[in-house]
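# Per-entry structural report
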Amino acid sequence: THADGLRGREYAGADPSEPARLVPAKGVTMNSASTSMRYRSIDLVTIATLGVAFGVVFWGWGKLYSVIGTAGMLAYPPSGALLGGGWIIAGVVGALIVRRPGAAVATEMIAATVSALMPGNEWGMSTLVSGAVQGLGVELVFALFAYRSFGPLIAMAAGAVAGRRAADARGTRT
């Protein structure tokens, strides 16, 4: 026995071939935190932080897109759609991390707002429409799986649907 009264097999870390057992705090069940669809404070802070960070990235991506996007589309027109995919990532990441209904739209809208308000944004407030359309496309896929499946295939499907919705909204199907 160890000094804390636990036998070797019950002591986390005693046998390196066995994973440590996680026990929730007193009064907390393992299901309560993972299946609740209510937002916690940390969820809201995460959405806001991701949204602002991606908004700055989107602004920079827009500057890069202005330079390489034009050359790429002249050389190979469908490349514009590939370059446009960078703007969809905020909603997908927001949904994957927060895992609550509306997280993708909220993250995408905050990112679009930050990007739109940055100096030199060539699309102005129309960026908000793009953010809403892309966020709703991501939400649609996660909602189809009742916010219970968050694997790579679901994330790719969410990005694809968001990209298609954005292309449809712009009238630029590829």
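Above this text sits the structure in question.
Now for a description of the structure that goes with this document. Along each chain, the written sequence defines residue order, and numbers are assigned to residues from 1. The predicted origin of the model limits local features to residues at a pLDDT of at least 70 and limits the giving and counting of side-chain atom pairs to 80 or more, whereas totals for whole chains, interfaces and linings rest on all residues. As a rule here, side-chain values cover all heavy atoms of the structure and leave hydrogens and water aside.

## Overview of unusual backbone geometry
Quick note on the threshold: Here a helix means four or more residues in a row that DSSP labels H or I, a strand means two or more in a row labelled E, and each is numbered from the N terminus.
At Ala146, a position not held by glycine, the phi torsion is positive, near 55°. Within the fold, Ala146 resides in the loop between α6 (126-144) and α7 (152-170). Even without a glycine there, the phi angle at Tyr147 is positive, about 55°. Note on placement: Tyr147 falls in the loop between α6 and α7.

## A word on α6
Defined as follows: By this rule the span expected of a helix is its residue count minus one, scaled by 1.5 Å. The buried label applies to any residue whose accessible area, calculated with a 1.4 Å probe on protein chains only, is under 20% of its type's maximum; exposed applies above 50%, and partly exposed to all values in between.
For α6, with 19 residues, the first-to-last C-alpha span of 28 Å sits near the 27 Å given by 1.5 Å per residue. Turning to α6, its buried residues number three or more, namely Thr127, Gly131, Val133, Gln134, Gly135, Gly137, Val138, Glu139, Val141 and Phe142. The first or second residue beyond α6 is Ala146, which carries a positive phi of 55°.

## Some thoughts on the packing of aromatic side chains
Selection rule: Centre distance within 6.5 Å is the pairing criterion for rings of Phe, Tyr and Trp, where only the six-membered ring of Trp is used; planes under 30 degrees apart are then read as stacked, over 60 as edge-to-face, and the remainder as tilted.
The tally for this structure, following the rule as stated, stands at 2 aromatic pairs. Ring geometry for Phe54 against Phe58: centres 6.0 Å apart, planes inclined by 40°, an arrangement best described as tilted. With Phe54 and Phe58 both in helix α2 (residues 41-75), this residue pair falls 4 residues apart, about one helical turn. For Phe54, a relative accessible area of 15% corresponds to the buried category. Under the relative-accessibility criterion, Phe58 is labelled buried at 3%.

## With respect to the pattern of salt bridges
Defined as follows: We count a salt bridge whenever a side-chain nitrogen from Lys or Arg sits within 4 Å of a carboxyl oxygen from Asp or Glu.
Counted by the stated rule, this structure contains 2 salt bridges. In this structure, Asp43 engages Arg40 in a salt bridge whose closest nitrogen and oxygen atoms are separated by 3.0 Å. Its relative accessible area of 42% is what places Arg40 among the partly exposed residues. Among the ionic pairs, Arg100 bridges to Asp43, the shortest N-O distance being 3.5 Å. With a gap of 57 residues between them, Arg100 in the loop between α4 (89-98) and α5 (103-117) and Asp43 in helix α2 connect regions that are remote in the sequence. Taken individually, Arg100 and Asp43 each receive the classification buried, so the pair is uniform in this respect. Each of the salt bridges in this network shares a partner with another, and the network as a whole consists of Arg40, Asp43 and Arg100.

## Remarks on α2
Let me state the cut-off plainly: One axis fitted to the seven residues ending at a residue, another fitted to the seven starting there: the angle between these axes is the bend at that residue.
With 35 residues, α2 extends 47 Å between its outermost C-alpha atoms, agreeing within 8% with the 51 Å of an ideal straight helix rising 1.5 Å per residue. Of all the bends in α2, the greatest measures close to 40° and is centred on Tyr65. For α2, the set of buried residues is Asp43, Ile47, Leu50, Gly51, Phe54, Gly55, Phe58, Gly62, Tyr65, Gly69 and Gly72.

## Some details on the environment of Gly69
For clarity, the threshold we go by: Contact definition: two residues touch when any of their heavy atoms are within 4.5 Å.
Along the chain, Gly69 falls in helix α2. Residues Gly69 and Leu83, 14 residues apart in the sequence, show an inter-C-alpha distance of 6.9 Å. Setting aside chain neighbours within four positions, we find Gly69 in contact with Leu64 and Leu83.

## Some thoughts on the nonpolar core
What counts here: Nonpolar cores are built from buried Ala, Val, Leu, Ile, Met, Phe, Trp, Tyr and Cys residues. Side-chain atoms within 4.5 Å join them into one set.
Counting 13 residues, the largest nonpolar core has Ile88, Val92, Ala95, Val138, Phe142 and Ala158 as the members making the most contacts within it. Elements with a minimum of two residues in this core: α4, α6 and α7. If you tally residues by element for this core, the top one is α7, at 4 residues. Once residues lying within four places of it in the same chain are set aside, the contact partners of Ala95 are Ala103, Ala104, Val138, Phe142 and Phe150. Core analysis: the second largest hydrophobic core is formed by 8 residues, Phe58, Tyr65, Trp87 and Ala90 among them.

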